[in-house]
Amino acid sequence: MTDTVWVHHSELGMRENNCMSAVEVRDLVKSFGDLIAVNDVSFEVREGEIFGLLGPNGAGKTTTLKMLMGLLDPDSGTSTIFGTSSQENPLEVKRNVGYVPEEQQLYDSLTPKELFDFIASIRQLPPETTQKRLRDMVKALDFEKYYNKLIVTLSQGNRQKTMLIAAMLHAPKLLILDEPFSGLDVRTTKIMKDIITIHAQSGGAVLLSTHVMEVAQGLCQRVAIIDDGNLIAQGTLDELRNQAKTEGATLEKVFLTLTQQEEEVQEGVDALRGALSS
Amino acid sequence: MKFAEKWRIAGVIASEMRFKAFLEANPGNVARMKEDPQKVMRQIKSSGQISAFFTVMIILLLSIMSVATTFASDAVGTPYERMAMGFSLFLILSFVVVFFMNLTSTTGFFTSGAMDLPLTLPMTVKDLEGLAILSFARVLIAPAALIISVFPTITLVIFGPLPALVALVGCATTVALAMHALIYFARWFYVKTHTTDKSRLSGVVRVAASLGLVIGMLSIYSISSYIPTLIEIFGSFSASLGTEGYLMISLLYPFSFGFLAGAAAFGPPAVSLSVWTAVAGCAAYGAAGWVAFRRSGVNLRSVVTGGLPSLDADEDAGEVTLNVRRPMVALARKDLKLATRNIGSAFLFAIPVFLVVVLAPVFQIWEGGARSLTAIMALSYANLFSGLALIGILMFDTQGASIHAGLPISTYLSLRTKSAIASATYIFSMILIALLLTLSNPVSELIPLTAIIQIPAGYAIGLTVGGMLYKYRGGGRAVAVNLTGDQAVSILSVALSLGVGAVPLVCYGLVLLATGMHLYALIAQALGVIILMAAVLRFVPRWLVD
């Protein structure tokens, strides 16, 4: 089923795409009153691929991911995960996905151990292999000393680690990560990046949203750029450079060009310079 | 900073707190907030209005009943003594109302982070303390303002300006002392719930504290039933006081205010020295109230700035282990853990205890032994409380939205788990009722069996009430419900649980009326339970969405 060929992976590397789609989003539309949060968005994430969803604040990234998880109902369009409709069978979708939402609303009154017990039980995971996986993750993320503390007492970074472990406990085929690196220290960020890469190299797929262009450039094979709910562009970095006509540019430069924010950014900087110097 | 400006900012902070509390009260709210924000705002407004209505009713009832004590039968004490006791009773109950009705809001104030932004602004420590206490006061403003205004106004109309002034000082002092106690208790509970103390004693302390609080909250709702008894006790108490007793009691809070108000309304009592001891007591408690009010700002600031200790900071790391159970067991264990670690969530445990308190008069009114009507009344009470128990269990889901969002938990599994937990309370209540009926010399030995046959109806009640709340509050998806913040759902749950639980009882009653045979009536009740279960299992899943 998966005959992925890795070509290059230093910056938005490309690969052959003759494998099954992990995620398929087709013509997705979602409105909140008069606001069209997601407008006719389509993209695909393949097995073995790390796909980045980029966009400014309020662009519609989180809404798209929530519709994929079956947490929000789209006005129109479809989304499937490994062929399962997010709208028709959200439980099956959640069985196959490890999801880290942007907000950190955990069970504050439980300890991470109690939380992982709960998650493993709900997912009916095999105890021995899961415990070994858990031990490895806890050790890798330097999380042992927080394992039996109440979650409410944990720092933001350690809460994020809790969420990441919880999402990967069942070794899902697809990881959907909404701003996964927020609040993480340098060591944990590096470990998480490596884990994501290893996950993809093992045939798993990753769909992540991020504001950090360096992360996307270093980690993702392909990206989609959303602005004001509209899909502006998608593809490898080279394809985006061609589209933006910015040869050799960084992803940040490409992003600003495609979202037509370069002038806005310059105006904003000028205004701030004036404000701070007056 | 001017007071008006502080008051305005405090209003913004208090609104933010209510808004966050509403969002956190339901895991589904966070994901779906954008879909219809106006609907959420309307829900916040309507639940606030209903809560305010209940608060007004409770305080009005307390005020009227307390003032009416003065004009009760002359058989108990003099009007002076009755007024003194009525006043004192009102102040005690006001303390209870302010303390219990605001406990969850207070802990929410500590954890909401609503003061985080002002803390980063260039404000003096004094301004921050003032802002913290004003924000806190705006959360408590409804009961506090009502207590301080309604009772003195009624006193002014009936007894004149001097007793009204005493009432005003007494009420203000009570509110200040209650706020101080509230902050201290919430602070203690906050530290306790932030500590993974492995000792069983710590868990017992938490459960006991929660239980006490929940019973206190329930007591407020049923206080009207006990006011005549309390008046009688206080009346007899005042009539039995000797000279030394008068002097001693008039020095104690809240009797000082009661004695002084009585003297202001009816002239000096037989033991005229007690007026002066009451004046001294009032002055001392008034000063204590003022100091408590001032210190509340410092205490609040220390809490909202995160100055509370985490007692297990140095605890050694434990071994990484994992225990996998069946999904339904895991859900139930998680809920029960949350229940013992959150104020208000222990509502569930208090149900059977409270049921006994309510049922006591029901069993006493029947002379010549318990009849079938006694059983039907007792079972109807239990049905009523089972709906409230289910709401108590739904309160557990006020945490964990991010985890819930990613887990394959079907709405029906969630509902079945909640109903199973509620059923445990129901079974305990039914056994209790069967025992009480047996001990009440029933006219037929079969009567206690009505409670045993009724047991499966507890599960049906749980599924129906929970299913209906999921349908109307969550569009078919699992929702959390906050009893103190959304009293409309309490009314809905009580009506539903009474209605659903009545199906087997109606079968029992009708067949008993038609045949006069308890055995046939019990068979009809059992059939009613089976029909009820079949209907609920068939229709409730259709209301739910995953």
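Now for a look at the structure at hand.

Brief notes about the overall build of chain B
Here is step 1 of the chain: Scanning chain B from terminus to terminus reveals 23 helices and zero strands.
Here is step 2 of the chain: For chain B, buried positions account for 53% of its 546 residues.
Here is step 3 of the chain: Summarising the internal contacts of chain B: among those between residues at least 6 apart in sequence, 81% fall at separations of at least 24.

Observations regarding the packing of helix α19 (residues 411-439) of chain B against helix α21 (residues 457-474) of chain B
Residue and element names in this part refer to chain B.
Here is step 1 of the chain: Taken N-terminus to C-terminus, the directions of α19 and α21 make an angle of 135°; their axes are 8 Å apart at the nearest point. By the angle class used here, α19 and α21 are oblique. Regarding α19 and α21, the two cross each other, and that crossing is right-handed. Residues T411, Y412, S414, L415, R416, K418, S419, A420, S423 and Y426 of α19 form the contact with α21, whose own contacting residues are A457, G458, Y459, I461, G462, L463, G466, G467 and Y470.
Here is step 2 of the chain: Of the residues assigned to the contact of α19 with α21, the class counts are nine nonpolar, eight polar and two charged.

Details of the interface of chain A and chain B
Here is step 1 of the chain: In this assembly, 54 residues from chain A lie in contact with 47 residues from chain B.
Here is step 2 of the chain: Interface area for chain A against chain B, summed over the two sides, is near 4,500 Å², with a carbon-plus-sulfur share of 61%.
Here is step 3 of the chain: Of all residues in chain A, Q105(A), Y107(A) and I122(A) bury the most surface against chain B, accounting for 15% of the area lost on that side.
Here is step 4 of the chain: The tally of links between chain A and chain B comes to one salt bridge.
Here is step 5 of the chain: We note a salt bridge from D73(A) to R477(B), for which the minimum N-O separation is 3.3 Å.
Here is step 6 of the chain: Counting across the interface, chain A meets chain B through 10 residue pairs in polar contact (both at pLDDT 80 or more).
Here is step 7 of the chain: Mapped by element, the contributors of at least two residues to the side of chain A that touches chain B are β1 (21-32), α1 (61-68), α2 (90-96), α3 (112-123), α4 (127-140) and α5 (156-168) of chain A.
Here is step 8 of the chain: Here the side of chain A that touches chain B gets 11 residues from one element, more than from any other, and that element is α3(A).

Comments concerning the pairing of strand β9 (residues 222-227) of chain A
All names here are of chain A.
Here is step 1 of the chain: A large share of β9 lies buried, amounting to six of its six residues.
Here is step 2 of the chain: Both faces of β9 are covered, namely the face carrying R222, A224 and I226 and the face carrying V223, I225 and D227.
Here is step 3 of the chain: Relative to β9, strand β3 (residues 50-54) runs parallel, the two sharing four bridges. Within the sheet, the bridge partner assigned to G52 lies in β9 and is V223.
Here is step 4 of the chain: Across five bridges, the pairing between β9 and strand β10 (residues 230-235) is antiparallel. Across the sheet, D227 pairs through a bridge with N230, a residue of β10.
Here is step 5 of the chain: Hairpin connection, β9 to β10: the antiparallel pair is bridged by two residues, and D228 has positive phi, about 50°.

Here's the deal with the side chain of Q160(A)
Here is step 1 of the chain: On the secondary structure map, Q160(A) appears in helix α5.
Here is step 2 of the chain: Residue contacts for Q160(A): discarding those within four places in its chain leaves V100(A), Q104(A), E179(A), P180(A), F181(A), S182(A) and L184(A).

Quick look at α4(A)
All names here are of chain A.
Here is step 1 of the chain: Over its 14 residues, α4 extends 20 Å from the first C-alpha to the last, a length consistent with the 20 Å expected when each residue adds 1.5 Å.
Here is step 2 of the chain: Within α4 the residues assigned to the buried category are T130, Q131, L134, M137 and V138. Along the axis of α4, the buried positions cluster into a sector of 130°, meaning they face one direction only. Within α4, the exposed residues directed more than 90 degrees away from the buried face are E128, K132 and K139.
Here is step 3 of the chain: Residues of α4 that are buried in the fold lie against α3 and α5.
Here is step 4 of the chain: Among the residues trailing α4, D142 stands out with phi positive, at a value near 55°.

So, the nonpolar core
Here is step 1 of the chain: F116(A), F118(A), L134(A), I196(A) and I403(B) are the most contacted members of the largest nonpolar core, which has 64 residues in total.
Here is step 2 of the chain: Those residues within four positions of L134(A) in sequence are excluded, and the remaining contacts are F116(A), Y147(A), I165(A), L169(A), V320(B), T321(B) and L322(B).

Describing the side chain of E49(A)
All names here are of chain A.
Here is step 1 of the chain: Checked against the element boundaries, E49 lands in the loop between β2 (35-46) and β3.
Here is step 2 of the chain: At a separation of 2.8 Å, a polar atom in the side chain of E49 contacts the main-chain amide nitrogen of R46.
Here is step 3 of the chain: A polar contact of 2.5 Å, which involves the side chain of E49, links it to the side chain of R222.

Conventions adopted
- Residues numbered from 1 in each chain as written.
- Chains lettered and ligands numbered in written order.
- Predicted model: local features only at pLDDT ≥ 70, side-chain atom pairs only at ≥ 80, totals over all residues.
- Heavy atoms only, no water.
- Helix = DSSP H or I, 4+ residues; strand = E, 2+ residues; numbered from the N terminus.
- Buried < 20%, exposed > 50% of the residue type's maximum accessible area, 1.4 Å probe, protein only.
- Contact = heavy atoms within 4.5 Å.
- Axes fitted to C-alpha atoms, helices over the stretch in contact; angles between N-to-C directions.
- Parallel < 35°, antiparallel > 145°, perpendicular 65-115°, else oblique.
- Left-handed = near helix turned anticlockwise from the far one by under 90°.
- Nonpolar A, V, L, I, M, F, W, Y, C, P; charged D, E, K, R; others polar.
- Buried area = accessible area lost by both parts, 1.4 Å probe.
- Salt bridge = Lys/Arg side-chain N within 4 Å of Asp/Glu carboxyl O.
- Polar contact = N/O pair within 3.5 Å; in protein donor to acceptor, adjacent residues only side chain to side chain.
- Pairing = 2+ DSSP bridges.
- Expected span 1.5 Å × (residues − 1).
- Arc of directions from axis to C-beta.
- Core = buried A, V, L, I, M, F, W, Y, C linked by side-chain atoms within 4.5 Å.

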